[in-house]
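Fold and contact review
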Amino acid sequence: MRFFSLCMFAISLSAADTPAARMFDAKLNEAQRNDACFALRGDKSPETLQAMRRGLGLEMLRGCAGRNLEVAAASAELLDAMKDPAPEVRASAVRHLGALQNPEFLPLIAAAAEDPNLLVATNAINGLVGYEDRSALPYLEKIAPRGGILGILSLDRAAQIDPLASLRIARKLLASSSEATDRVVALRIIAENGDASDLPALRVIAATKTEPAIPQRGFGLMPTIDLGRAARSSIQQIEKRTEHSAMR
């Protein structure tokens, strides 16, 4: 009986000293708990994935746990975390879900871009931006015209995937947005991809005076932005490109 008790005690000690158990051992410091988390990277066992999902709820483990779930392609745990009441957990989950680059998750990631918490929404956009193929383009095209930090991130990525599609959005954004930052980004896209048809509108803006520093959606207070100067630069780039094409 004593031998049996000793065996059970040894087993319990062994279980308490597993990496998963060490992750949540309050007697250990943050570095030790993260070392335990890192030791489980690549482990796809249900117990480990459950521990990583739990780890997302702890600030000190969130980075390691989220990366482990990404490496394990643990979409079920990440999808569950996207419903978590804590915005920090949702933000981490959507970022790592996007890193899997599975087209099946694009609607959910795009929906997360509507989250009222800016961190969650921004991470969702970063998740969309991380897709290396064209599958995310329709979602980026829907978000880009809104402007602000989310729209600008979307427009920049859309410009890399489909310059003509981004040009159409930039033209509309330049005409409709009152935000200086939105318009500067639109001017850059037009400068890179526009043509002579853009010059009349650009010349109107080029004649404007410098705008004062104003609050920008998602950016805080921005420094003085000279839209006239940005427009003149865009005009020069388009004229130079047009002249070069005509000489061929």
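Residues numbered from 1 in each chain as written. Predicted model: local features only at pLDDT ≥ 70, side-chain atom pairs only at ≥ 80, totals over all residues. Heavy atoms only, no water.

**Re the pattern of salt bridges**
Counted by the stated rule, this structure contains 13 salt bridges. Taken together, the shared-partner salt bridges connect R53, D80 and D84 into one network. (Salt bridge = Lys/Arg side-chain N within 4 Å of Asp/Glu carboxyl O.)

**Section: the confidence of the model for the protein chain**
Should pLDDT be low for a region, the predicted coordinates there are not to be read in detail. When pLDDT is averaged along the protein chain, the result is 88, and 85% of the positions lie at 70 or above. Considering only residues more than four positions removed or in separate chains, one finds that residues 3–15, a stretch of pLDDT under 50, has 1 contact. (pLDDT = per-residue confidence, 0-100. Contact = heavy atoms within 4.5 Å.)

**Considerations on the side chain of S154**
Inspection of the secondary structure assignment puts S154 in helix 11 (residues 148–161). Note on S154: relative accessible area 0%, which makes it buried. A polar side-chain atom of S154 sits 2.9 Å from the main-chain carbonyl oxygen of L150. Look past the residues within four positions of S154 in its chain and what remains in contact with it is I125, L140, I143 and A144. (Helix = DSSP H or I, 4+ residues; strand = E, 2+ residues; numbered from the N terminus. Buried < 20%, exposed > 50% of the residue type's maximum accessible area, 1.4 Å probe, protein only. Polar contact = N/O pair within 3.5 Å; in protein donor to acceptor, adjacent residues only side chain to side chain.)

**Observations regarding helix 11**
With 14 residues, helix 11 should cover 20 Å at 1.5 Å per step; its first-to-last C-alpha distance of 20 Å lies within 8% of that length. Taking burial as the measure, the 14 residues of helix 11 include 10 buried ones, the bulk of the element. All of the buried residues along helix 11 are G148, L150, G151, I152, S154, L155, R157, A158, A159 and I161. Elements that come into contact with the buried residues of helix 11 comprise helix 9 (118–129), helix 10 (137–143), helix 12 (163–176) and helix 13 (180–193). (Expected span 1.5 Å × (residues − 1).)

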